[in-house]
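# Observations on the model geometry
Here is how the chains run, residue by residue.
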Amino acid sequence: MIGTAPNGFRASITGIGSYVPDRVLTNAELSTMVDTSDEWIIERTGIRERRIAAPEQALSDLCRPAIEQALAQAGVEPASIDLLIVATVTPDMSFPSTGAILADELGMPDAGAYDLSAGCTGFMYALVQAYGMMAAGLSQRALVAGGDVLSKIMDWTDRTTCVLFGDGAGAVVLDRVDRGGFLGFELGADGSGGPQLYMPAGGSRMPATAETVAERKHFAQMNGREVFKFATRVLVSSALAILEKCGRSIDDVDVYIPHQANVRIIDHAVGKLGISTDKVVVNVDRFGNTSSGSIPLALAEADASGRLREGDIVLMTGMGAGLTWGSALMEWSSK
Ligand code: COA
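Rules of the game
Residues numbered from 1 in each chain as written. Predicted model: local features only at pLDDT ≥ 70, side-chain atom pairs only at ≥ 80, totals over all residues. Heavy atoms only, no water. Near = heavy atom within 4 Å. Polar contact = N/O pair within 3.5 Å; in protein donor to acceptor, adjacent residues only side chain to side chain. Areas by Shrake-Rupley, 256 points an atom, 1.4 Å probe, with all protein chains shown as cover. Helix = DSSP H or I, 4+ residues; strand = E, 2+ residues; numbered from the N terminus. Phe/Tyr/Trp six-rings, centres within 6.5 Å; stacked < 30°, edge-to-face > 60°. Buried < 20%, exposed > 50% of the residue type's maximum accessible area, 1.4 Å probe, protein only. Salt bridge = Lys/Arg side-chain N within 4 Å of Asp/Glu carboxyl O.

## What to know about the site of the ligand
- In the neighbourhood of the ligand, 23 residues make up the surrounding shell, with Thr-36, Arg-44, Arg-159, Arg-225 and Asn-262 lying closest.
- Here a nitrogen atom of the ligand and a side-chain polar atom of Trp-40 are 3.4 Å apart.
- Residue Arg-44 places a side-chain N or O atom 2.7 Å away from an oxygen atom belonging to the ligand.
- Starting from 960 Å² of accessible surface for the ligand in isolation, the protein chains cover 76%.
- In terms of residue count, helix α8 (residues 224–245) provides more of the shell around the ligand than any other element does, four residues in total.

Set out below in structure tokens:
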């Protein structure tokens, strides 16, 4: 799917928030848990540390402070939100949705609220949905949260996955604006690559049994090399597709926010796209891959450090389980 903003309709991000748990897990500590080393993890991924949720913290506990911050920054009341989408693969539970739980806790009685699953691309998918509902006149003001508590579905004995991921959440308020805003979106999915990154058990295909637990099938499993090839390819192709659709070039981009999976994947995309590194937002070294939390966390950091100025062209691209990918191009505008 690819498209540009409908004529005359302008919506943008008017508030951003983020939250990460306090607990820091360093590479040094990880190397006491599995057969790995600080050197290996930094060389192959660029990750130095990640945040880990407390045992009692669920996804909604991470999203709540991020959403409150986004609402405060936008200067709007929770009750004015009529659509809440939570992008995640680690909801509090299969049902009810974390969206419904949060809408109740935060005081959004008029909001349609639900969860959306698109792996690490979840936040991009949710942005497109919220924007589309606003453009169709169905929603007046939307809130999109993206977050994951991947530590709860990690196999902490599997060094090929557990060193890569972390916990975190971010949230944005989407509102109508007078100028700028989203210019276009691209989304894609290739389900044939699903088995490259998945959690085998716990769904209707393989319900939970004593065997599935014993066989560690309730943990994320990944073919790292195949996902690496996929990620390097789609980060570039998706960005180029949306730039072309919007009649822009990579030189027009002021701020580039790629999914924070791995510094090597980001470096590859940066090289292929030919964008200068000072325009690229990178925080994977401190948070690891936070899945649906990745792009909004990076966006929140870029905003807090004054890197997002009115009129800037901002490019975001995510990719992940599904396999899925998605890009958004926007002219930064909060009014
Ligand atoms: N510490 C030390 N050694 C490790 C290790 C770890 N944490 N994980 C794997 N290894 C070993 C492997 O067992 C292998 O050993 P062998 O050669 O004796 O068999 C060796 O390191 C190389 O493994 P390989 O898988 O080829 O490494 P790689 O260069 O492909 O890097 C990843 C592995 C996972 C870092 C890389 O494939 C990757 O980043 N993939 C994408 C993952 C991702 O981003 N997923 C989420 C997308 S949303």
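## Quick word on the packing of aromatic side chains
- The final tally for this structure, using the stated rule, is five aromatic pairs.
- With a centroid separation of 5.3 Å and an interplanar angle of 75°, the aromatic rings of Phe-9 and Tyr-131 are classed as edge-to-face. Here Phe-9 is found in the loop between β1 (2–4) and β2 (11–19), whereas its partner Tyr-131 is found in helix α5 (residues 122–135), with 122 residues between them in sequence.
- Relative accessible area serves as the criterion here: at 14%, Phe-9 is assigned to the buried category.
- Each member of the aromatic cluster is reached from another via a ring pair, and the members are Phe-9, Tyr-131, Phe-182 and Phe-185.

## So, the pattern of salt bridges
- Overall, the coordinates contain twelve salt bridges when judged by the stated rule.
- Here Arg-216 makes a salt bridge to Asp-155, at a shortest N to O gap of 3.0 Å. Within this pair, whereas Arg-216 is found in the loop between α7 (210–214) and β11 (221–222), its partner Asp-155 is found in the loop between β7 (142–149) and α6 (159–162), the two being separated by 61 residues in sequence.
- Linking Arg-179 and Glu-310 is a salt bridge whose minimum nitrogen-to-oxygen distance equals 3.7 Å. With a gap of 131 residues between them, Arg-179 in the loop between β8 (167–176) and β9 (181–189) and Glu-310 in the loop between α11 (294–304) and β13 (313–320) connect regions that are remote in the sequence.
- For Arg-179, a relative accessible area of 44% translates into the label partly exposed.
- When its relative accessible area of 37% is taken as the criterion, Glu-310 is described as partly exposed.
- Here the salt bridges do not stand alone but share partners, grouping Asp-61, Arg-64 and Glu-105 into one network.

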